[in-house]
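# Per-entry structural report
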Amino acid sequence: MAFRVYQYGIEVLLTDATTGGTIYEPVIDDELAFDEDVSAPSIFNVSIEDELGFDDTLDGYDEVLDRTVTDVIQFIQNTDVHATVRNLVVADELGFIETLRRQIDVEIDDPIAFLDETFRIFTLSQELGLTQSVSPSITRPLRQFLSFVQGVARQVISSRAITNSLALRQAVLVLHLTNGMLCQYVPQGDLPAEPTLTPSDFTLFYPAVAPTTTLILPNPEVGNRTSYLPNRISRKSRGGTKQVFRDPAWPTLTTLTMDIGSLTTTQRGNLQDFLILTLGQTVGLLDYEGRAWTGIIGNPDAEFTTLSDHGCGTHATTIVFDGELVS
Amino acid sequence: MKAAISMFIIQAPATAPEYQSVLPNPQLTDVEAANLSVAKKRSMTGVIYTYVKTEGTSRFTFNFTLSRSKSLELEAFVRATIALQWRVEFNGSVYIVYLDSNPFEQQHLSGFDAVTLILEGTKS
């Protein structure tokens, strides 16, 4: 057992090299494990140096006479991928935990320099985690620098379709004050021309195209109604703003409600037969203004009221027709 | 202030009109009602709490008697602008409204049509 050590030296020389080909290597594993401990338990250690350590511990026991403690950990780790085939996974991890801690030190200089670069990747995932801690008990002055540079540079040049349209509309509407303008068909704007109305017999026929059954009925009484029911979205926001939307492609439904009060007994029977024949089928209708409609009779259960049995009889009913205007 | 010539002028869209139709004055039973609502809650101590909702809009009802041709014109106007905001000039006031009648109904009488327009919006 030696109590005085004037020179204490340990040298570790390792050479580790792995050379792979350039075609296809499923797994290349090159690990170099280092575990080096240098302990200097004596009193007078003028100089202790421990270089090259991956798992490196340097303990100077004496708190007074260790004049210089140098613990240098140098890392040079390069993973160069020059292969031209396929490199599915390239992992280059550099873990670093460095602790330099003494109770009484005149100067502590603990720099950590880090440079991590990754080239030629398809999916870039680059993480750099760094924790630096200096915990002196007694020190003057204290300087702690943490320099950090991390950059991800990517250049993308993509040409995509760019549409920038600005629609401006300008409208000028002139109000022509002419005689009869309040009762004639004089719309302004892109509206259809006035339909031609020709008095006609009120006729039901089936089928709507190439009819085989035709039924001529008396014209409806005064007071018949045409209801235009557009499909539209109409609602109010919570603040009360009304919002209305309608797609022109959405269908519209027009309902004709006609009261017929002068049916003979024969016409009544024919109409009842017609309702049974065309139940749920598309029928044609020629109204008393000569306009042709196609649609469905909406009330096949129409009630027929007998008003008189004298002569040919008098009967009344109501027809509800849901359809679209053809011409 | 009364307009010099009192007619019922409807235009659409309200911001940049492309369609316009001029109707005779409505009958004298037009109605205006504010869109206000109040909910009353009475507590067990007899205190009444009210919750009100104000929208700043009103509902307007106009009844027209139109010739058949003018009724057809109004129907064509409605079909073209059913989802647009209307600008209505009538009796010296300007209405910015939507047509609220659903369905839009025409009652065919002897030689004329009876039409009711229910509008909802603001009046200035």
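This text gives an overview of the structure that appears in the document. (Residues numbered from 1 in each chain as written. Chains lettered and ligands numbered in written order. Predicted model: local features only at pLDDT ≥ 70, side-chain atom pairs only at ≥ 80, totals over all residues. Heavy atoms only, no water.)

## With respect to the overall build of chain B
- The secondary structure content of chain B amounts to one helix and eight strands.
- Mapped from its N terminus to its C terminus, chain B presents α and β elements in the order β-β-β-β-α-β-β-β-β.
- When each of the 124 residues of chain B is scored for burial, the buried share is 46%.
- Counting only carbon and sulfur atoms, one obtains 54% of the accessible surface of chain B, whose full area is about 6,000 Å². (Helix = DSSP H or I, 4+ residues; strand = E, 2+ residues; numbered from the N terminus. Buried < 20%, exposed > 50% of the residue type's maximum accessible area, 1.4 Å probe, protein only. Areas by Shrake-Rupley, 256 points an atom, 1.4 Å probe, with all protein chains shown as cover.)

## Comments concerning the pairing of strand 7 (residues 225-230) of chain A
- Relative to strand 10 (residues 252-263) of chain A, strand 7 of chain A runs antiparallel, the two sharing six bridges. For Arg225 of chain A, the partnering residue across the bridge sits in strand 10 of chain A and is Thr257 of chain A.
- Pairing geometry for strand 7 of chain A and strand 7 (residues 104-108) of chain B, over four bridges, is antiparallel. Bridge pairing in strand 7 of chain B links Tyr228 of chain A to Phe104 of chain B. (Pairing = 2+ DSSP bridges.)

## Focus: the environment of Thr45 of chain B
All names here are of chain B.
- Within the secondary structure layout, Thr45 lies in the loop between strand 3 (31-42) and strand 4 (48-67).
- Accessibility expressed as a relative area gives 67% for Thr45, which makes it exposed.
- Of note is the side chain of Thr45, whose polar atom sits 2.9 Å from the side chain of Ser43. (Polar contact = N/O pair within 3.5 Å; in protein donor to acceptor, adjacent residues only side chain to side chain.)

## A short note on the interface of chain B and chain A
- With 42 residues of chain B in contact, the opposing surface of chain A contributes 43 residues.
- Area buried by chain B at its contact with chain A is led by Gln20, Arg79 and His108 of chain B, which between them contribute 16% of it.
- Across the chain B-chain A interface, the total number found is five salt bridges.
- A salt bridge links Glu120 of chain B to Lys236 of chain A; the shortest N-O distance between them is 2.4 Å.
- Our count for the contact surface shared by chain B and chain A stands at 20 residue pairs in polar contact (both at pLDDT 80 or more).
- Of all the elements in the fold, those that place two or more residues in the side of chain B that touches chain A are strand 2 (19-23), strand 4, helix 1 (68-81), strand 6 (93-99) and strand 7 of chain B.
- In the side of chain B that touches chain A, the residues fall into 22 nonpolar, 10 polar and 10 charged. (Contact = heavy atoms within 4.5 Å. Buried area = accessible area lost by both parts, 1.4 Å probe. Salt bridge = Lys/Arg side-chain N within 4 Å of Asp/Glu carboxyl O. Nonpolar A, V, L, I, M, F, W, Y, C, P; charged D, E, K, R; others polar.)

## Remarks on the pattern of salt bridges
- If you walk through the whole model with that rule in mind, you get 14 salt bridges over all chains.
- Between Asp113 of chain B and Arg68 of chain B there is a salt bridge, and its shortest N-O distance comes to 2.8 Å. Taken together, the residues span a long stretch of sequence, with Asp113 of chain B in strand 8 (residues 112-123) and Arg68 of chain B in helix 1 at a distance of 45 residues. Arg68 of chain B matches Asp113 of chain B in its accessibility class, with the two residues each being buried.
- What you see here is one network of salt bridges that share partners, running through Lys236 and Lys242 of chain A together with Glu55, Arg59, Asp100 and Glu120 of chain B.

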